[in-house]
Amino acid sequence: MSDEITIGLVSISDRASDGTYEDQGIPALQDWLAKALTSPWRAVTRLIPDERPMIERTLVDLADTVGCSLILTTGGTGPAVRDVTPEATLAVGEKEMPGFGEEMRRISLNFVPTAILSRQVAVIRGKSLIVNLPGQPKSIRETLEGLRAADGSVAHVGIFAAIPYCIDLIGGPYVETDEAVIKAFRPKNAIRPKQG
C-alpha cells in the first residue's frame, strides 16, 4: 500500500487573508489534486498575507515540522511591490529547481502574453519540494495538467508529470496519478507495480 503524502497548500494574498474576498487558490488546488491523485494524500492549508517573513515561516513550518513532501503555493509571483513569494521561497530553499518555473511560463504563454511577467520558482528544502503556482484557478490547472488539443490528446505536458518522481528522489512517498488527468513520468526502473 502506498504511503500517504502530506501536501501543504499555501494561498498568499493580502485581500483573501483579511477577508476582503474569498480565497480561490486553495479550493482550486484541492479540487485538482482530488481528481489527479490515486494514492492517499492529505492537505494542510494556510491562507496568509503577502508578507515575506510570514511566507518564509509558513514554508519552513510545513517542510520541517508538519513534514509535507510537497508544498504548493499560489499567489504573489508577479512584479507588483507586494509580490514576494519567489523571494521567500528561494530564501528557504536548499536547491533551486528552475525547470518548473520555466515550464509554467511556457505553458501560460499559450494563453496570455503577460505570462512572461510571472516569477514562479521551485526549490527543495530537506525532503520537501516547494513549487510556486500562478494565482488564478484556471492557470493553476493549466500549469499542473498541461494543454490539450481539440481531440483531448495532450499537446503539452503539465509540470505535475515530473513531481512524483522528484518526490521519490528526495525521499518522499510513492505518488500515483490518474493518467486521464496527468500521467506521472518515471524512468522504467523507478516504476512500481500498480497496487490492486
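Rules of the game
- Residues numbered from 1 in each chain as written.
- Predicted model: local features only at pLDDT ≥ 70, side-chain atom pairs only at ≥ 80, totals over all residues.
- Heavy atoms only, no water.
- Salt bridge = Lys/Arg side-chain N within 4 Å of Asp/Glu carboxyl O.
- Helix = DSSP H or I, 4+ residues; strand = E, 2+ residues; numbered from the N terminus.
- Buried < 20%, exposed > 50% of the residue type's maximum accessible area, 1.4 Å probe, protein only.
- Phe/Tyr/Trp six-rings, centres within 6.5 Å; stacked < 30°, edge-to-face > 60°.
- Lys NZ or Arg CZ within 6 Å of the ring centre and 35° of its normal.
- Pairing = 2+ DSSP bridges.
- Polar contact = N/O pair within 3.5 Å; in protein donor to acceptor, adjacent residues only side chain to side chain.
- Contact = heavy atoms within 4.5 Å.

(A) How the structure looks around the pattern of salt bridges. The full count for this structure, using the stated rule, is 11 salt bridges. Across the salt bridge formed by Glu-4 and Arg-42, the nearest N and O atoms sit 3.9 Å from each other. Of this pair, Glu-4 sits in the segment before strand 1 (5-12) while Arg-42 sits in strand 2 (residues 41-48), and the two are 38 residues apart along the sequence. Residue Glu-4 is classed as partly exposed on the basis of its relative accessible area of 45%. Residue classification places Arg-42 among the partly exposed residues on the basis of a relative accessible area of 36%. The salt bridge partner of Glu-145 is Arg-148, with a shortest N-O separation of 3.6 Å. One salt-bridge network, in which partners are shared between bridges, spans Asp-14, Glu-51 and Arg-82.

(B) Representation of the packing of aromatic side chains. Counted under the stated rule, the structure contains 1 aromatic pair. Here Trp-32 and Phe-160 contribute two aromatic rings whose centre-to-centre distance is 5.2 Å and whose plane-to-plane angle is 65°, an arrangement assigned as edge-to-face. Remark: Phe-160 occurs in the loop between strand 8 (154-157) and helix 7 (163-169) and Trp-32 occurs in helix 2 (residues 25-36); sequence separation between them is 128 residues. With a relative accessible area of 4%, Trp-32 lands in the buried category. For Phe-160, a relative accessible area of 1% puts it in the buried group. If you follow Lys-138 out to its NZ or CZ, it ends over the ring of Phe-111, 4.4 Å from the centre. Seen from the ring of Tyr-174, Arg-186 lies directly overhead, with NZ or CZ sitting 3.7 Å from the centre.

(C) Inspection of the pairing of strand 5 (residues 122-125) at higher detail. Because side chains alternate across strand 5, one face comprises the buried residues Ala-122 and Ile-124, and the other comprises Val-123 and Arg-125, equally buried. In this structure, strand 4 (residues 95-96) lies alongside strand 5, joined through 2 bridges in antiparallel fashion. When the sheet's bridge partners are listed, Glu-96 is paired in strand 5 with Val-123. Pairing of strand 5 with strand 6 (residues 128-133) involves 4 bridges; the strand directions are antiparallel. Opposite Ala-122, over in strand 6, you have Val-131 as the bridge partner. Hairpin connection from strand 5 to strand 6: 2 residues lie between these consecutive antiparallel strands, with Gly-126 at a positive phi of about 60°.

(D) The arrangement of the side chain of Glu-103 in detail. Along the chain, Glu-103 falls in helix 5 (residues 98-108). A residue is classified by how much of its surface remains accessible, and Glu-103, at 19% relative accessible area, is buried. At a separation of 2.4 Å, a polar atom in the side chain of Glu-103 contacts the side chain of His-156. If near-sequence neighbours (up to four positions away) are discounted, Glu-103 is found in contact with His-156, Val-157 and Ile-159.

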